[in-house]
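The residues making up each chain are set out below.
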Amino acid sequence: MRFRFVCSGFSKFRFSLLLLNLEEYYFEQHTANHIQNKGDQNERKIRGSLKICSKSVIFEPDAISQPIIKIPLRDCIKIGKHGENGSNRHFSKAKSGEISLIFSQVYFIKEHNIVAPYKIERGKMEYVFELDVSGKVEDVVETLLQLHRASRLDKLGDQTAMITAILQSRLARTSFDKNRFQSVSEKLHMECKAEMVTPLVTNPGHVCITDTNLYFQPLNGYPKPVVQITLQDVRRIYKRRHGLMPLGLEVFCTEDDLCSDIYLKFYEPQDRDDLYFYIATYLDYNKKLNFHEHHAAERTAESYTLQWQRGHLSNYQYLLHLNNLADRSCNDLSQYPVFPWVIGDYCSAALDLSNPGTFRDLSRPVGSLNKERLERLLTRYQEMPEPKFMYGSHYSSPGYVLFYLVRIAPEYMLCLQNGRFDNADRMFNSIAETWKNCLDGATDFKELIPEFYGDDVSFLVNSLKLDLGKRQGGQMVDDVELPPWARSPEDFLQKSKDALESNYVSEHLHEWIDLIFGYKQKGSDAVGAHNVFHPLTYEGGVDLNSIEDPDEKVAMLTQILEFGQTPKQLFVTPHPRRITPKFKNFSHTCSHNAPMADSPVSPGEESFEDLTEESKSLAWNNITKLQLHEQYKIHKEAVTGIAVSCNGSSVFTTSQDSTLKMFSKESKMLQRSISFSNMALSSCLLLPGDATVISSSWDNNVYFYSIAFARRQDTLMGHDDAVSKICWHDNRLYSASWDSTVKVWSGVAAEMTCTRRQRFDMLAELEHDVSVDTISLNAASTLLVSGTKEGTVNIWDLATATVLHQIPCHSGTVCDTAFSPDSRHVLSTGEDGCLNVIDVQTGMLISSMTSDEPQRCFIWDGNSVLSGSQSGELLVWDLLGGKISERIQGHTGAVTCIWMNEQCSSIITGGEDRQIMFWKLQY
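Residues numbered from 1 in each chain as written. Predicted model: local features only at pLDDT ≥ 70, side-chain atom pairs only at ≥ 80, totals over all residues. Heavy atoms only, no water.

Caption draft 1: Spotlight on the overall build of the protein chain. Along the backbone of the protein chain there are 15 helices and 42 strands. Dimensions of the protein chain, computed from the C-alpha atoms along their principal axes, are close to 125 × 65 × 60 Å. In the protein chain, buried positions account for 57% of the 923 residues. When the accessible area of the protein chain is evaluated, it comes to approximately 40,000 Å², of which 48% is carbon and sulfur surface. A gap of 4 Å separates the mean positions of the 93 positive and 117 negative side-chain charges of the protein chain. (Helix = DSSP H or I, 4+ residues; strand = E, 2+ residues; numbered from the N terminus. Buried < 20%, exposed > 50% of the residue type's maximum accessible area, 1.4 Å probe, protein only. Areas by Shrake-Rupley, 256 points an atom, 1.4 Å probe, with all protein chains shown as cover. Lys, Arg positive; Asp, Glu negative; His and termini not counted. Charge placed at Lys NZ, Arg CZ, Asp CG, Glu CD.)

Caption draft 2: Quick look at the packing of aromatic side chains. Applying the stated rule across the entire model yields 40 aromatic pairs. Aromatic side chains Y391 and F533 sit 5.0 Å apart centroid to centroid with 40 degrees between the ring planes, which places their arrangement in the tilted category. Residue Y391 is located in the loop between α6 (371–383) and α7 (398–405), and its partner F533 is located in the loop between α12 (523–528) and α13 (550–563); the two are separated by 142 residues in the primary sequence. Classification of Y391 by relative accessible area gives buried; the value is 1%. Here the aromatic rings of W698 and W738 are separated by 5.3 Å at their centres, their planes lie at 45 degrees, and the arrangement is tilted. Here W698, found in the loop between β21 (692–697) and β22 (701–706), pairs with W738, found in the loop between β25 (732–737) and β26 (741–746); they are 40 residues apart in sequence, far enough to count as distant. The class of W698 is partly exposed, set by a relative accessible area of 30%. Cluster of aromatic residues (ring-pair linked, three or more members): W341, Y346, F403, Y404, F428, W435, F452, F459, W485 and F492. (Phe/Tyr/Trp six-rings, centres within 6.5 Å; stacked < 30°, edge-to-face > 60°.)

Caption draft 3: Examining a nonpolar patch on the surface more closely. Together, M679, W698 and W738 give the surface a local cluster of nonpolar side chains, amounting to about 250 Å² of exposed area. With respect to the secondary-structure elements, M679 resides in the loop between β19 (669–675) and β20 (681–686). (Patch = residues over 30% accessible without salt bridge, like charges linked within 9 Å, V, L, I, M, F, W, Y side chains within 5 Å. Salt bridge = Lys/Arg side-chain N within 4 Å of Asp/Glu carboxyl O.)

Caption draft 4: A look at the domain arrangement of the protein chain. What the domain assignment reports for the protein chain is domain 1 (4–83 + 95–171), domain 2 (174–298), domain 3 (319–563) and domain 4 (620–749 + 758–921). One C-alpha centre belongs to domain 1, the other to domain 3; they are set 36 Å apart. In this assembly, 23 residues from domain 1 lie in contact with 22 residues from domain 3. Roughly 1,900 Å² is buried in total at the junction of domain 1 and domain 3, and carbon and sulfur atoms are behind 70% of that figure. Here domain 1 and domain 3 share 1 salt bridge between them. With a closest N to O distance of 3.3 Å, E411 and K110 form a salt bridge. Applying the counting rule to domain 1 against domain 3 returns 4 residue pairs in polar contact (both at pLDDT 80 or more). Taken together, the residues of the side of domain 1 that touches domain 3 sort by class into 13 nonpolar, 5 polar and 5 charged. (Domains from an automatic or database assignment. Contact = heavy atoms within 4.5 Å. Buried area = accessible area lost by both parts, 1.4 Å probe. Polar contact = N/O pair within 3.5 Å; in protein donor to acceptor, adjacent residues only side chain to side chain. Nonpolar A, V, L, I, M, F, W, Y, C, P; charged D, E, K, R; others polar.)

Caption draft 5: Here's a closer look at the pattern of salt bridges. A complete count under the given rule lists 27 salt bridges for this structure. A salt bridge links K436 to D440; its shortest N-O distance comes to 3.1 Å. Of the two residues, K436 and D440 are both situated in helix α9 (residues 431–440); the distance of 4 residues between them amounts to about one turn of the helix. For D440, a relative accessible area of 36% corresponds to the partly exposed category. Bridged by salt links that share partners, the residues R240, R241, E250 and D327 form one connected network.

Caption draft 6: Region of the structure containing α13. Here α13 contains 14 residues, and its C-alpha end-to-end distance of 20 Å stays within 8% of the 20 Å for a straight helix at 1.5 Å per residue. Every buried residue of α13 is accounted for by V554, M556, I560 and L561. Around the axis of α13, the buried residues are gathered within 165 degrees of arc, so they sit on the same side. Packing partners of the buried residues in α13 comprise α2 (156–172) and α7. (Expected span 1.5 Å × (residues − 1). Arc of directions from axis to C-beta.)

Caption draft 7: Region of interest: the side chain of S696. Tracing the backbone shows S696 in strand β21. S696 sits in the buried class, given a relative accessible area of 0%. Polar side-chain contacts of S696 include one of 2.6 Å to the side chain of S682. Filtering out sequence-adjacent residues up to four positions away, S696 remains in contact with A680, L681, S682, S683, N701, V702, V723, S724, K725 and I726.

Caption draft 8: Spatial organisation of the nonpolar core. By size, the foremost hydrophobic cluster in this structure holds 120 residues, and its most contacted members are F452 and F517. Broken down by element, the residue count for this core peaks at 7 residues, all from helix α11 (residues 503–516). Excluding its chain neighbours within four sequence positions, the residues that come into contact with F452 are Y404, F428, I431, F459, F492, L493 and S496. Of all hydrophobic cores here, the second largest spans 33 residues; its members include F59, V106, F129 and L131. (Core = buried A, V, L, I, M, F, W, Y, C linked by side-chain atoms within 4.5 Å.)

Caption draft 9: Here's a closer look at the sheet that holds strand β41 (residues 906–911). Read from one edge to the other, the open sheet built from 4 strands follows the order β15-β42-β41-β40, with strand pairing classed as antiparallel. The sheet is open, and its two edges are formed by β15 (626–633) and β40 (895–900), each paired on a single side. Pairs of neighbouring strands in the sheet enclose a mean axial angle of 20 degrees, with direction left out of account. Where β15 and strand β42 (residues 915–921) come together, 7 bridges link them in antiparallel fashion. (Pairing = 2+ DSSP bridges. Axes fitted to C-alpha atoms, helices over the stretch in contact; angles between N-to-C directions.)

Caption draft 10: View of the pairing of strand β12 (residues 236–242). In terms of burial, β12 is largely enclosed, as 6 of its 7 residues are buried. In this sheet, strand β13 (residues 245–252) lies alongside β12 in antiparallel orientation, the contact comprising 6 bridges. Looking at β13, one finds that K239 is bridged to L249. Taking the residues between adjacent antiparallel strands as the criterion, β12 and β13 are bridged by 2 residues, where G243 takes a positive phi near 60 degrees.

Caption draft 11: Just helix α1 (residues 137–151), in detail. Over its 15 residues, α1 runs 21 Å from end to end, which matches the ideal 21 Å to within 8%, given 1.5 Å per residue. Buried residues of α1: V137, V140, V141, T143, L144, L145, L147, H148, A150 and S151, and no others.

Caption draft 12: Spotlight on the packing of helix α5 (residues 315–325) against α11. Put simply, α5 and α11 touch, their axes get as near as 11 Å, and they point 15 degrees apart. With respect to α11, the axis of α5 lies roughly parallel. In the crossing of α5 with α11, the sense of the turn from one axis to the other is right-handed. Together, N315, Y318, L319 and L322 of α5 and V505, S506, L509, W512 and I513 of α11 make up the contact between the two elements. Grouping the constituent residues of the contact of α5 with α11 by class yields 7 nonpolar, 2 polar and no charged. (Parallel < 35°, antiparallel > 145°, perpendicular 65-115°, else oblique. Left-handed = near helix turned anticlockwise from the far one by under 90°.)

Caption draft 13: Just unusual backbone geometry, in detail. The linkage connecting Y222 with the following residue, P223, adopts the cis geometry, with an omega of 0 degrees. Relative to the helices and strands, P223 resides in the loop between β10 (213–218) and β11 (227–230). That bond from E386 to P387 is cis: its omega, -5 degrees, falls within 30 degrees of zero. Here P387 shows up in the loop between α6 and α7.

Right, dumping it as structure tokens:
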């Protein structure tokens with residue numbers, strides 16, 4: 001992660017916006033001399049630059065041995081031209097280039113370029129500054145007098161309003177300098193006013209977007225005349241909530257970095273939305289041209305969940321994405337990314353990551369980890385009038401962030417705390433001490449920040465040799481004291497990262513996500529989880545636009561920003577668990593010296609299951625290399641179902657032409673054509689043993705056909721409308737129908753005889769509101785998924801015949817559904833062109849991809865999908881990468897059904913063009 005906090009101590013440039021007060025603006029600078037002892041024989045001139053800010057005047061000497069001088073305008077007694085006796089009259093005839101400030105308080109900062117608490121001098125005094133350009137004196141004095149009047153207003157709201165008016169007037173008188181364009185051929189799309197946001201400060205200026213670049217030009221030319229970002233480099237953009245208002249936009253030129261390349265705050269939501277639209281349109285256009293497949297505008301949290309569950313994103317990466325999506329930004333300290341404490345043992349000599357007792361309980365917020373403290377908090381909570389809250393401080397705030405980062409961001413701490421460091425005993429002195437205080441402290445409930453799981457140890461080491469004070473025991477505050485199990489700061493971070501990615505945390509991280517980003521963040525679930533913070537910390541907790549009193553509005557905003565904010569809620573249902581297979585990563589988790597008996601497979605030997613899985617994996621890894629082998633037109637209407645004998649020699653197909661066909665793959669001849677009625681057949685399957693074919697029909701019936709006797713064996717008349725799909729497992733038949741039911745039948749044995757009719761007993765009826773178009777079983781046949789005409793996917797528990805989840809995730813008919821091989825996910829496709837992945841345990845929609853046409857049928861392995869489209873193409877989808885990997889030309893009409901053998905080496909498709917096509921994988 002690129003760390004954007006820059007300590008300018010010991011650097012050439014001493015001035016930074018952090019020398020300003022919070023919510024202060026830097027307007028302009030003038031080359032000048034500070035004249036000391038004016039008129040005295042000891043008079044001397046100190047060269048530097050005079051900077052005019054909205055609440056102060058700052059003089060930065062060129063010589064680093066001299067301190068930076070900051071004079072608050074509110075402490076000024078008189079401002080005028082030197083030699084005019086303090087008069088503030090118009091000086092049209094004056095020639096002197098000297099400005100006089102008489103004031104009662106001044107700050108001295110960074111003397112000898114050392115970052116340290118500000119020195120303050122009080123008492124009436126006069127400073128004289130001589131501008132290089134004497135003709136500017138009059139304008140500078142007028143500006144200072146105007147800002148001085150604003151600073152002396154009684155009400156904070158009135159001060160803010162007057163300064164805002166001055167700022168907007170300056171912005172209105174200027175515009176973006178088009179000479180800054182990279183090319184004369186660039187086409188301007190939009191220009192507007194905005195502020196560039198960095199931690200604790202904002203810098204006003206002009207935003208400009210062309211057909212190739214995004215520009216920001218600061219009003220004051222600081223830190224450089226223009227910031228330029230090439231649109232082709234942009235990878236992600238996010239709309240942001242800034243100061244509780246929908247005014248922020250953050251642009252990233254990297255995939256996984258937490259820190260952005262620019263964060264802009266606009267004055268009008270429409271400007272923000274228009275700029276977002278321009279960039280998103282550009283990215284979408286280039287994505288279609290395949291210039292950059294990874295271009296992406298704002299993604300949903302669910303789009304990352306599948307990648308995380310399947311192990312393609314680490315816990316660290318997933319938390320970064322969730323923070324990003326929840327408006328957390330390293331440019332906004334009131335919404336800095338939040339990470340959990342995961343280790344609960346900071347006393348032991350060795351860290352045992354195989355022991356659950358090593359870890360913090362991730363199902364509880366920090367405030368409820370100590371039962372005794374929780375009881376006291378609950379007592380207070382119950383006695384509290386509405387609106388109630390359990391914790392008087394938050395788990396993330398600007399003060400907490402800088403508590404951890406003071407050693408690399410001392411100037412930020414000084415900015416936040418008016419030029420002072422915190423008391424030495426309250427500093428971040430020890431990991432164990434900090435954890436203990438979070439457990440026991442009456443008002444300390446803070447979580448961690450991403451740096452605890454990164455690679456940069458700087459925040460743990462006082463490499464700048466800062467004087468952070470002396471503790472009560474007499475020792476100086478220096479490096480952070482590490483737990484006994486950490487040999488060095490590097491070792492501490494590595495073990496912290498190992499803990500974050502451990503099996504225990506992977507199995508429980510979803511519980512912490514529920515608290516911070518999920519359904520336990522608000523409402524009754526938050527109360528039950530002891531996770532209730534002050535109402536002002538929540539999104540929507542206060543409507544600033546409804547507060548008419550400007551004083552009250554400024555005070556409210558200041559309180560909210562300093563207290564910290566709860567992340568935007570991303571999930572409203574329980575978050576899915578991560579998939580943590582026991583043996584999948586065996587070689588990575590066990591010791592190289594482990595005894596062979598511990599291994600699930602003997603040396604030099606592979607189980608049949610391993611070989612099968614290997615062949616499946618190989619096939620799916622090469623699914624884009626699918627090639628058409630043979631094709632045959634054997635029906636008069638669309639093909640609706642495919643079933644293949646175990647040895648692969650016989651292919652059975654059903655069609656809307658009402659026939660069941662038997663095709664020999666060896667002789668490439670049609671061997672049989674069977675018709676049960678004049679109505680379309682909708683699907684077919686082979687019972688184990690390859691003796692019986694079952695077909696479903698639009699005439700409301702299910703037909704059993706004996707291959708050996710070449711005749712209809714039996715008929716199940718079980719529905720009041722067309723049967724749309726059938727499945728079979730363990731002597732049970734499952735039939736879906738347009739009569740809005742799915743029925744489960746017993747007595748459908750694999751070895752059905754032709755000598756007598758079967759007795760079919762209905763074991764269960766799964767009722768739906770509308771017609772059911774497709775069903776599928778999981779591998780163990782304990783669950784069934786159904787898709788309806790109105791776009792709802794239903795997951796059923798077959799043991800109790802009850803619906804577990806109803807997910808309305810398609811607009812229009814659900815075309816096909818199927819469980820993943822591990823039964824953890826369901827994939828559905830619909831007329832709306834969407835591919836949706838649903839977590840079976842929670843019913844959460846965790847991934848959704850769209851195409852520009854319906855996907856009628858598919859097969860998948862949990863990570864990749866091969867779908868048949870309305871146009872006849874076969875599409876290969878990379879679900880984890882969120883893209884279409886390959887388009888394969890196939891049928892001349894819609895692909896209506898698809899079959900794959902168990903080894904994943906052979907594929908057959910059927911289509912509206914009446915053909916069946918045989919496909920082979922080319923390795």
